[in-house]
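Read off the chains here:
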Amino acid sequence: MDASHVWSLLAGVSDPEIPVISVVDLGIVRDVQVTGPSACAVTITPTYSGCPAMQVIADDIQHALHDAGIRQVDIITRLSPAWTTDWMSDAGKARLKGYGIAPPAQRVIDISGLRRGGASAPADPLRAGVARGAVPAPKVVCPHCGSAHTEVTSQFGSTPCKALYKCLDCKEPFDYFKCH
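Residues numbered from 1 in each chain as written. Predicted model: local features only at pLDDT ≥ 70, side-chain atom pairs only at ≥ 80, totals over all residues. Heavy atoms only, no water.

## A look at the pattern of salt bridges
So, step 1. For the structure on display, the rule yields two salt bridges.
So, step 2. Among the salt bridges present, the one from Glu151 reaches Lys166, with a minimum N-O distance of 3.5 Å. Here the residue Glu151 occupies a position in strand S5 (residues 150-154), and Lys166 occupies one in strand S6 (residues 162-167), the gap between them amounting to 15 residues. (Salt bridge = Lys/Arg side-chain N within 4 Å of Asp/Glu carboxyl O. Helix = DSSP H or I, 4+ residues; strand = E, 2+ residues; numbered from the N terminus.)

## With respect to the sheet that holds strand S2 (residues 39-44)
So, step 1. Ordered by their spatial adjacency, three strands build an open sheet running S1-S2-S3, and the pairing between neighbours is mixed. In the strand order of this sheet, the two ends are held by strand S1 (29-36) and strand S3 (72-77), each with one partner. For this sheet, the mean inter-axis angle between neighbouring strands, taken without regard to orientation, is 20°.
So, step 2. One ladder, built from six bridges, connects S1 with S2; its direction is antiparallel. If you follow Asp31 over to S2, its bridge partner there is Thr43.
So, step 3. Packed on one face of the sheet, helix H1 (residues 3-10) meets S1 and S2 and runs near 135° to S1. (Pairing = 2+ DSSP bridges. Axes fitted to C-alpha atoms, helices over the stretch in contact; angles between N-to-C directions. Contact = heavy atoms within 4.5 Å.)

In short, shape yes, function no, at least from these values alone.
Here it is, written out as structure tokens:
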């Protein structure tokens, strides 16, 4: 058994809240280590710190790997770095869209390499050049008709990681997987 085999098994474990996307495509699985002939450790990161589905995800990972003959499965939950929608695969984003959920419309800004203050970095890189409160809303495309003529209805959709939008052209409501 090697790590690539475990990764391929994990690609078949669906997210319990969005069954068309795997925990691998969602970016929840961060690492796989083979620790013995029939043992591995799987590192997962929740989509947000209070995600109620994490225990179900851990259990589903355990069951899938046990069913494949891996006797010992250690699940490690890592909170840092925090999960970001940037970790989602392109295939996963396409599956979201096909399911009627608009995928994240932008990437999260990576400021990990910037120093706070000083000549090489702005004092607040997330707000540099943007007036407080004037951060433009993402251009969210309707997963039903493809129109960009949409508006937010609620900052919270069917789960806290999604917002509720409606299309002003086809009039259909839809969830948008918020960037984080």
